[in-house]
Amino acid sequence: MYQNLANLSPDIKQLLDEGYSIEVRGGGGFLLIHHIPYVTSSKEIKYGTLVTELTMSSKDRTTKPSTHQIYFKGEYPCNADGTVMSGLGGKGSNPQILFDDFMVHFYLSNKPGEGYQDYYQKVSNYANIISAQAKAIDDKVTEKSFKPIFHEEDSVFEYYDLNSSRANIIPIVDKLKGLKIAIIGVGGTGSYILDFLAKTPVQEIRIFDGDYYYMHNAFRSPGAAPQSVLDEQLKKVVYYQRVYSKMHKHIIAYDYHMNTNSFGELDLMSFVFIAIDKGVIKREIFDYLIARKIPFIDVGMSIDKTKDNSALMGHLRVTTATPEFNIHLGRRVTLDDPEDNLYKSNIQIAEVNALNAALAIIRFKKMFGFYLDLENEHHLDYTLEFSQLLNSENEIQA
C-alpha cells in the first residue's frame, strides 16, 4: 500500500525523489517527515519530525490537504540566534499521542494565501522555513537525507482508516485492536452488527449462520444487493463475507447454524454477539460462554401490530453478560421459542434492526473503553411507541 502511494501519488513521489525521509503511520492517516533540522532556544541544532494528516481520494492517491496546520515532534523551532521563530504559531506546548506511543509536542500553523494544494507544497514549505535557521548555523545540515522509511503496518483494513486520523482519535480506536469477535446470526440485526464491526480494527470477525440470503433479507440488512446477487442463492455468511472483506481483511464465514458441536469455535473469542431467536440453543450458548468467561451481548426485539392493525409497536433490547455479572439473564431473555412473534415473518424493519445493532455496538465499545461509561448497565430496553430508552441491571444496584 505504501509503495503504491509513493508510485501513484505525484506529491508523495516528489518528496521521496527529493530525499525527504517520509513514513506513513497511524493506520495510514498520518504522513511523517523525519530528519528536519531545527534550532533550539539554546542555539543547538537538533532534528525533529513533521506530522501531517493524510487526506486520500483513494487508497493510492492523495488529494488536497484538509488543513494547513502541521504537528511537530521536538522542541519549538527557533531562529539561528535562539529567539522564537515567528510565523509558525502554536508556541504553547501541546503534547499529545497521535497513534501507538508516538507523541508530538506542537501544532504549527503557516498558511499561504491560497492554502496548500498538495502534500509536497505543504511539507516542503514547513521544512524550508524550519531548516533554514539550522542551515544558517551549519550549511552542511539538510532536511533531505535520502533515507526513506518504509513502515508497513499490519492493518486489518484493505485501505487507510482516515476517519480516525482526521478526528484524532487513533489511541481510542486502538483499544479495539486485537479483539476476536463472533457474531452468531447475521440476519436483520446481526448483519448491522457486522457492518459496524467491520469499520473497527478488531483482529477477527467470525460470522455464523446457515440461512440463505433471499430477497426479503435485502430489505432489512445494510446496503443494496443487486438482483444478480439474489439470483446466486448465496448463504448469508458467504454474501456478507464477500461484501465486508472489501474493507476488513479478517471476516471468517461459517455457513451453518451454531450448535453444540461447533461451540469450540468460540473458545478463542474476546467477545460474542448473539443475534438469533432460537431459545433452546441460546440457553446452551449462554452456559458455554459463561463457563469459559467470555463476555457477550444478546440482542432481541418483539414487534407486533396494534389491535386495529394500523401500525407496528414493540420493543428491542440489548442484554449484556460478563464473567462477573450474568445472573440477570434468566429474567431478561426469553429462552423459549414463541411462534406468534411477528418478527419471524417478512416485515421490513431495517431501521429497528439497525438501532438494535447500534445500541449493542455502543455497549460493546463502552466495555472496552472506547466510549465513556457512567452507567455500566447490563440490560437496555427501547420501546417504539413511547420512544423510551431504559437502562437497568447495573452491577452496583444488583
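The structure reproduced in this document is the subject of the present report. Remember, predicted model here, so these are calculated numbers, not experimental data.

**Thoughts on the overall build of the protein chain**
Along the backbone of the protein chain there are twelve helices and 17 strands. With the principal axes as the frame, the protein chain shows a C-alpha extent of 85 × 50 × 45 Å. Here the analysis covers contacts within the protein chain between residues at least 6 apart in sequence; of these, 65% occur between residues at least 24 apart. Accessible surface for the protein chain amounts to roughly 18400 Å². Of this, 51% is attributable to carbon and sulfur atoms.

**Section: the packing of aromatic side chains**
Counted by the stated rule, this structure contains 23 aromatic pairs. An angle of 85° between the planes, with centres 5.2 Å apart, marks the rings of Y38 and F72 as edge-to-face. Taken as a pair, Y38 in strand β2 (residues 30-39) and F72 in strand β6 (residues 69-73) lie far apart in primary sequence, 34 residues in all. Centre to centre, the rings of F273 and F364 are 5.4 Å apart; their planes meet at 65°, and the pair counts as edge-to-face. With F273 in strand β13 (residues 271-274) and F364 in helix α12 (residues 350-367), this residue pair connects regions lying 91 residues apart in the sequence. Of the residues examined, F273 reaches a relative accessible area of 0% and is grouped as buried. Counting every residue linked through ring pairs, the aromatic cluster contains F30, Y71, F99, F102 and Y107. Its end group placed over the ring of Y212, K235 keeps NZ or CZ at 5.3 Å from the ring centre. When the ring centre of F370 is taken as reference, the NZ or CZ atom of K365 above it lies at 4.4 Å.

**As for the sheet that holds β13**
With mixed pairing, the eight strands of this open sheet are ordered in space as β12-β11-β10-β13-β14-β15-β16-β17. A strand with exactly one partner marks an edge of an open sheet, and here the two such strands are β12 (251-254) and β17 (388-394). With direction set aside, neighbouring strand axes in the sheet form an average angle of 15°. On top of the sheet, helix α10 (residues 279-291) reaches β10 (180-184), β13, β14 (296-305) and β15 (312-321); it is set at about 160° to β14, its chief contact.

**Examining the packing of helix α6 (residues 188-197) against α12**
The packing of two helices is summarised by the inter-axis angle and the distance between the axes. α12 packs onto α6 with a crossing angle of 50° between their chain directions and a minimal axis gap of 8 Å. It follows that α6 is oblique to α12 by the angle criterion. For the element pair α6 and α12, the recorded crossing hand is right-handed. Judged by residue contacts, G188, T189, Y192, I193, F196 and L197 of α6 engage A350, N353, A354, N356, A357, A358, I361 and F364 from α12. Class assignment of the residues belonging to the contact of α6 with α12 gives a composition of ten nonpolar, four polar and no charged.

**Here's the deal with the sheet that holds β6**
Either a parallel or an antiparallel arrangement is found when strands of a sheet pair, and the pairing is made through backbone hydrogen bonds. Ordered in space as β1-β2-β3-β6-β9, the five strands form an open sheet in which the pairing is antiparallel. Each of the sheet's edge strands pairs with one partner strand only, and the pair in question is β1 (21-25) and β9 (106-109). Geometrically, the sheet is characterised by an average inter-axis angle of 35° between neighbouring strands, direction not taken into account. Of the strand pairs in this sheet, β1 and β2 are connected by five bridges, and their pairing is antiparallel. Pairing of V24 across the sheet is with L31, part of β2. The strands touched by helix α3 (residues 119-137) within the sheet are β2, β3 (45-53), β6 and β9, with β2 carrying the most contacts at an inclination of about 20°.

**Notes on the pairing of β6**
Walk down a regular strand and you will see the side chains alternate between the two sheet faces. Summarising the sheet, β3 and β6 pair through three bridges and their orientation is antiparallel. When the bridges of β6 are listed, T49 appears paired with K73. Sheet topology places β6 next to β9; four bridges connect them, and they run antiparallel. Each bridged residue has a counterpart across the sheet, and for F72 the counterpart in β9 is F106.

**Topic: the environment of I285**
Topologically, I285 is positioned in helix α10. Separated by 19 residues in sequence, I285 and L266 have C-alpha atoms that sit 9.6 Å apart. Excluding residues within four positions of it along the chain, I285 makes contact with I184, M258, F263, I274 and I276.

**Remarks on the nonpolar core**
Counting residues in each nonpolar core, the largest one holds 46 residues, and the members touching the most others are I183, L197, I207, F273 and F364. Ranked by the residues each element gives to this core, the list is headed by α12, at eight residues. Counting residues in hydrophobic clusters, the runner-up holds 29 residues, among them I36, Y76, F106 and Y126.

Calculation rules
- Residues numbered from 1 in each chain as written.
- Predicted model: local features only at pLDDT ≥ 70, side-chain atom pairs only at ≥ 80, totals over all residues.
- Heavy atoms only, no water.
- Helix = DSSP H or I, 4+ residues; strand = E, 2+ residues; numbered from the N terminus.
- Contact = heavy atoms within 4.5 Å.
- Areas by Shrake-Rupley, 256 points an atom, 1.4 Å probe, with all protein chains shown as cover.
- Phe/Tyr/Trp six-rings, centres within 6.5 Å; stacked < 30°, edge-to-face > 60°.
- Buried < 20%, exposed > 50% of the residue type's maximum accessible area, 1.4 Å probe, protein only.
- Lys NZ or Arg CZ within 6 Å of the ring centre and 35° of its normal.
- Pairing = 2+ DSSP bridges.
- Axes fitted to C-alpha atoms, helices over the stretch in contact; angles between N-to-C directions.
- Parallel < 35°, antiparallel > 145°, perpendicular 65-115°, else oblique.
- Left-handed = near helix turned anticlockwise from the far one by under 90°.
- Nonpolar A, V, L, I, M, F, W, Y, C, P; charged D, E, K, R; others polar.
- Core = buried A, V, L, I, M, F, W, Y, C linked by side-chain atoms within 4.5 Å.

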